Amino acid sequence: HVFRRLVCVCLCCVPTLQFSFPPSRLARHLQKEAQSQHNNSEFTEDQKKTIAKIATCLELRSAALQSAQSQDEFKLEDLKKLEPILKNILTYNKEFPFDVQPVPLRKILAPGEEEHLEFEEDDEEGGAGAGSPDSFPARVPGTLLPRLPSEPGMTLLTINIEKIGLKDAGQCIDPYITVSVKDLNGIDLTPVQDTPVALRKEDTYVHFNVDIEIQKHIEKLTKGAAIFFEFKHYKPKKRFTSTKCFAFMEMDEIKPGAIVIELYKKPTDFKRKKLQLLTKKPLYLHLHQTLHKE
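Remember, it's a predicted structure, so these values are computed and weren't measured experimentally.

Peer 1: Hey, could you run me through the overall build of the chain in this one?
Peer 2: Broken down by element type, the chain carries five helices and 10 strands. A total of 294 residues make up the chain; the buried ones form 46% of that total. For the chain, restricting intrachain contacts to residue pairs at least 6 apart in sequence, the fraction spanning at least 24 positions comes to 73%. Split by element, the accessible area of the chain, about 15,200 Å² in all, is 51% carbon and sulfur.

Listed below in structure tokens is the structure:
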């Protein structure tokens, strides 16, 4: 099987950090396996997500090798952490060690770069880009859900995401926000939703003006729950979608009207234990809440 050969190549390369193939090419083959939809795939959807994240890490390493200096450089020590995951891909069920998203289906190539791969045997499996939205929700912005049916005595919440303040707002490509509701352990309490790509960017703001319908009655949310907002944007040089920052709103902040909430540095800390403000500047996520009660 071609994928097994790829894993063998990666396992040989990672300990010595000497790649016989460029990391970006290995990454693309891993992407191809992760995005395959053929019924006889030996991997579950969760395993495919892990494979896709490994591909992203290889892309990051490739970008780091091509860049003299990079703030979010993917270091050699980071690469070594992939070895036990690759060795145990069929049984690996821990949290992935890096805050990365699967490489987007959309490919943006540098001028003159070819989508040519060294391995020829897997051409019949279909081209990259056959992934499903269910497998890669972060790649398909615009997964908003309708409001739940009302229930007597129960409250529903609509959150309008107005805008987010960022010093480099104008440089963000295809920005969108992922909204999730988590308990104190970071477990999802409702389906995760992605906004469509932002309406416009001006000065230090990215404007959305989009309504999010929280998919659970407020009274049914567990104590200590919070609503998270992850701001994501596309990085064409690295060909993946990155989380830039996040914000969250706790249950005691749910009240009608406008609210501004602080932005925190990635990775997203769903357990809210190690929070670092993104900036000292007065830049926030601007929201407006509407409560619906029968």
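After that view, the rundown keeps rolling.
Peer 1: Could you clarify how one ought to interpret the sheet that holds strand S1 (residues 155–165) in this entry?
Peer 2: Strand pairing in a sheet takes place through backbone hydrogen bonds and is either antiparallel or parallel in direction. A sheet is described by the order of its strands in space; here five strands give the open sequence S4-S5-S1-S10-S8, paired in antiparallel fashion. Across the chains shown, the open sheet's two edge strands, defined by having one partner strand only, are strand S4 (200–202) and strand S8 (257–262). Mean inter-strand twist for the sheet, computed between neighbouring axes without regard to direction, equals 25°.

Peer 1: Sorry if this is basic, but what is going on with the sheet that holds strand S2 (residues 173–182) here?
Peer 2: Ordered by their spatial adjacency, five strands build an open sheet running S3-S2-S6-S7-S9, and the pairing between neighbours is antiparallel. Edge positions in the sheet fall to strand S3 (193–194) and strand S9 (264–265), since each has one partner strand and no second. Pairing of strand S7 (residues 240–250) with S9, which is carried by two bridges, proceeds in the antiparallel orientation. Looking at the pairing, Cys245 lines up with Lys265 of S9.

Peer 1: For this particular structure, what's the right way to read the environment of Tyr205?
Peer 2: Of note, Tyr205 is situated in strand S5 (residues 205–213). Not counting residues within four places of it along the chain, the set of residues in contact with Tyr205 comprises Lys163, Ile164, Gly165, Ala169, Arg200 and His286.

Peer 1: Is there a simple way to explain the environment of Thr44 in this structure?
Peer 2: Tracing the chain through its elements places Thr44 in the loop between helix H2 (23–35) and helix H3 (45–66). The class of Thr44 is partly exposed, set by a relative accessible area of 43%. Once the C-alpha coordinates of Thr44 and Leu90 are considered, the two residues, 46 residues apart in sequence, prove to be 8.7 Å apart.

Peer 1: When you look at the nonpolar core in this model, what are you seeing that I'm missing?
Peer 2: Within soluble globular proteins, side chains that are nonpolar generally end up buried alongside one another. Counting residues in hydrophobic clusters, the biggest one holds 32 residues, and the most contacted among them are Ile161, Ile227, Phe229, Met249 and Leu285. For this core, the secondary-structure elements that each account for two or more residues are S1, S2, S5, strand S6 (226–235), S7, S8 and strand S10 (284–293). The contacts of Met249, once residues within four sequence positions are left out, are Leu157, Ile159, Ala226, Ile227, Phe229, Ile254, Ile259, Ile261, Leu287 and Gln289. Counting 15 residues, the second largest nonpolar core, distinct from the first, contains Phe43, Leu79, Ile85 and Phe240.

Peer 1: I tried to follow the confidence of the model for the chain on my own but got confused; where do I start?
Peer 2: Parts of the prediction with low pLDDT should not have their coordinates interpreted in detail. Confidence along the chain averages 75 in pLDDT terms, with 66% of residues attaining 70 or more. Low pLDDT (under 50) marks residues 14–21, which in the prediction has 19 contacts with non-local residues, meaning those over four places away or in another chain. Confidence over residues 104–140 falls short of pLDDT 50; this stretch has 75 contacts with residues more than four positions distant or in other chains.

Peer 1: I would appreciate a short explanation of the packing of aromatic side chains in the present structure.
Peer 2: We describe a pair of aromatic rings using the distance from one ring centre to the other and the angle between the two ring planes. Enumeration according to the criterion identifies six aromatic pairs in this entry. On the basis of an interplanar angle of 85° and a centroid distance of 6.4 Å, the ring pair of Phe208 and Phe231 is categorised as edge-to-face. Note that Phe208 is positioned in strand S5 and Phe231 in strand S6, a separation of 23 residues in sequence. Measuring from centroid to centroid gives 5.7 Å for Phe246 and Tyr264, while their planes differ by 35°, and the two rings are tilted.

What counts and what doesn't
Residues numbered from 1 in each chain as written. Predicted model: local features only at pLDDT ≥ 70, side-chain atom pairs only at ≥ 80, totals over all residues. Heavy atoms only, no water. Helix = DSSP H or I, 4+ residues; strand = E, 2+ residues; numbered from the N terminus. Buried < 20%, exposed > 50% of the residue type's maximum accessible area, 1.4 Å probe, protein only. Contact = heavy atoms within 4.5 Å. Areas by Shrake-Rupley, 256 points an atom, 1.4 Å probe, with all protein chains shown as cover. Pairing = 2+ DSSP bridges. Axes fitted to C-alpha atoms, helices over the stretch in contact; angles between N-to-C directions. Core = buried A, V, L, I, M, F, W, Y, C linked by side-chain atoms within 4.5 Å. pLDDT = per-residue confidence, 0-100. Phe/Tyr/Trp six-rings, centres within 6.5 Å; stacked < 30°, edge-to-face > 60°.

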